[in-house]
Amino acid sequence: MAKEPVRVLVTGAAGQIGYALVPMIARGIMLGPDQPVILHMLDIPPAAEALNGVKMELVDAAFPLLKGVVATTDAVEACTGVSVAVMVGGFPRKEGMERKDVMSKNVSIYKAQASALEKYAAPNCKVLVVANPANTNALILKEFAPSIPEKNITCLTRLDHNRALGQISERLNVQVSDVKNVIIWGNHSSTQYPDVTHAAIKTPEGEKPVPALVNDDAW
Ligand SMILES: NC(=O)C1=CN([C@@H]2O[C@H](COP(=O)(O)OP(=O)(O)OC[C@H]3O[C@@H](n4cnc5c(N)ncnc54)[C@H](O)[C@@H]3O)[C@@H](O)[C@H]2O)C=CC1
Ligand SMILES: O=C([O-])CC(=O)C(=O)O
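Residues numbered from 1 in each chain as written. Chains lettered and ligands numbered in written order. Predicted model: local features only at pLDDT ≥ 70, side-chain atom pairs only at ≥ 80, totals over all residues. Heavy atoms only, no water.

- If you check an unreviewed UniProt entry, the protein chain appears there as Malate dehydrogenase from Rhynchospora pubera.
- In the Sequence similarities (unreviewed entry) part of its UniProt record, the protein chain is described as follows: "Belongs to the LDH/MDH superfamily. MDH type 2 family." (UniProt positions renumbered as here; feature names shortened; annotations may be inferred.)

### A word on the site of ligand 2
- Neighbouring ligand 2 are Arg93, Arg99, Asn132, Leu159 and Arg163.
- The side chain of arginine 93 places a nitrogen or oxygen atom 2.4 Å from an oxygen atom of ligand 2.
- Within the contact set of ligand 2, an oxygen atom lies 3.0 Å away from a side-chain nitrogen or oxygen of asparagine 132.
- Taken together, the residues that form the shell around ligand 2 break down as 1 nonpolar, 1 polar and 3 charged. (Near = heavy atom within 4 Å. Polar contact = N/O pair within 3.5 Å; in protein donor to acceptor, adjacent residues only side chain to side chain. Nonpolar A, V, L, I, M, F, W, Y, C, P; charged D, E, K, R; others polar.)

### Overview of the environment of alanine 26
- In this fold, alanine 26 is placed in helix α1 (residues 16-26).
- For the pair alanine 26 and isoleucine 38, spaced 12 residues apart in sequence, the C-alpha to C-alpha distance is 8.3 Å.
- Sequence-distant contacts of alanine 26, that is, excluding residues within four places in its chain, are made with Val37, Leu39, Leu58, Phe63, Leu65 and Leu66. (Helix = DSSP H or I, 4+ residues; strand = E, 2+ residues; numbered from the N terminus. Contact = heavy atoms within 4.5 Å.)

### Topic: the pairing of strand β3 (residues 66-72)
- Here strand β2 (residues 37-42) pairs with β3 via 6 bridges, running parallel. Its bridge partner being in β3, leucine 42 is matched across the sheet by threonine 72.
- Following the chain from β2 across helix α2 (residues 48-61) to the adjacent parallel β3, one finds a crossover that is right-handed. (Pairing = 2+ DSSP bridges. Right-handed = clockwise from strand over helix to strand, strands pointing away.)

### Details of the site of ligand 1
- Neighbouring residues of ligand 1: 22 residues in total, closest Gln16, Ile17, Asp43, Gln113 and Leu156.
- The contact in question runs from an oxygen atom of ligand 1 to an N or O atom on the side chain of asparagine 132, over 3.0 Å.
- In this structure, a nitrogen atom belonging to ligand 1 sits 2.8 Å away from a main-chain N or O atom of leucine 156.
- Relative to its unbound accessible area of 850 Å², ligand 1 is 82% covered by the protein chains.
- Broken down by secondary-structure element, the contributors of at least two residues to the shell around ligand 1 are α1 and α4 (103-120). (Areas by Shrake-Rupley, 256 points an atom, 1.4 Å probe, with all protein chains shown as cover.)

### What to know about the pattern of salt bridges
- Under the criterion given, the structure shown has 9 salt bridges.
- In this structure, lysine 3 and aspartate 34 form a salt bridge, with 3.4 Å as the shortest nitrogen-oxygen distance. Here lysine 3, found in the segment before β1 (6-11), pairs with aspartate 34, found in the loop between α1 and β2; they are 31 residues apart in sequence, far enough to count as distant.
- Residue aspartate 34 is classed as partly exposed on the basis of its relative accessible area, which comes to 45%.
- Between glutamate 143 and lysine 142 there is a salt bridge, with the nearest N and O atoms lying 3.7 Å from each other.
- The partly exposed category is assigned to lysine 142, whose relative accessible area is 26%. (Salt bridge = Lys/Arg side-chain N within 4 Å of Asp/Glu carboxyl O. Buried < 20%, exposed > 50% of the residue type's maximum accessible area, 1.4 Å probe, protein only.)

### Focus on the environment of isoleucine 183
- Here isoleucine 183 is to be found in strand β8 (residues 183-185).
- The exposure class assigned to isoleucine 183 is partly exposed, which follows from its relative accessible area of 26%.
- In this structure isoleucine 183 touches Tyr193, Pro194, Asp195 and His198, once residues within four positions along its chain are discounted.

This is how it looks when you write it as structure tokens:
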């Protein structure tokens, strides 16, 4: 039997990440090849025309799993009935800024959107926070959407882990899939600490420790 469509919210859908993300969701890459979706896309009024352009492209693409598109600048309309919310909308870091520098702008956005999710999202909604500083914004969202179970809210700090893997693989000229046990500690800003103490490279002769192979603590 065909599954019921799931309503998926993407905020900041007219932005760079949002624009890349929505076709992937519409193709089933996020929820699976047999899961129909209704996309809810939220952005701010200055981006309304671009948002409408994103909607037109989605319609043009005729994705079989895409059962509807809501493109809006109204947070209530965007949040109504959604079971998954991908919170990308926000003010991005500009040159010379740290992630924590965009906090004051993004915190107020998160309070407002959390309140809309609290009131209008489907029960048991799952939330992924992307806008920076992602972990702080996730905490704000948790505070202002108390009826969403805590375990349903997560944030995308995986980028930092993947970035560390990528840099080690370049430095040691190995495949990224052969690097293991890298840890990222700290906040999703300048107090973050990529820890390679336990990191190792998989080789045909067994595992080799990354600190010894790099042999340069300053790096
Ligand atoms: N956690 C992570 O790993 C990463 C996080 N980011 C963050 O993701 C966010 C988006 O990045 P980009 O797409 O590159 O930026 P962008 O500037 O291209 O897009 C942001 C979009 O959000 C919209 N927006 C702004 N305020 C909004 C609001 N109140 N409600 C809804 N939409 C709103 C903007 O109009 C714009 O369309 C930024 O905060 C950026 O720092 C970016 C890369 C990785
Ligand atoms: O900070 C940003 O704008 C995006 C991000 O997370 C990174 O590239 O580290």
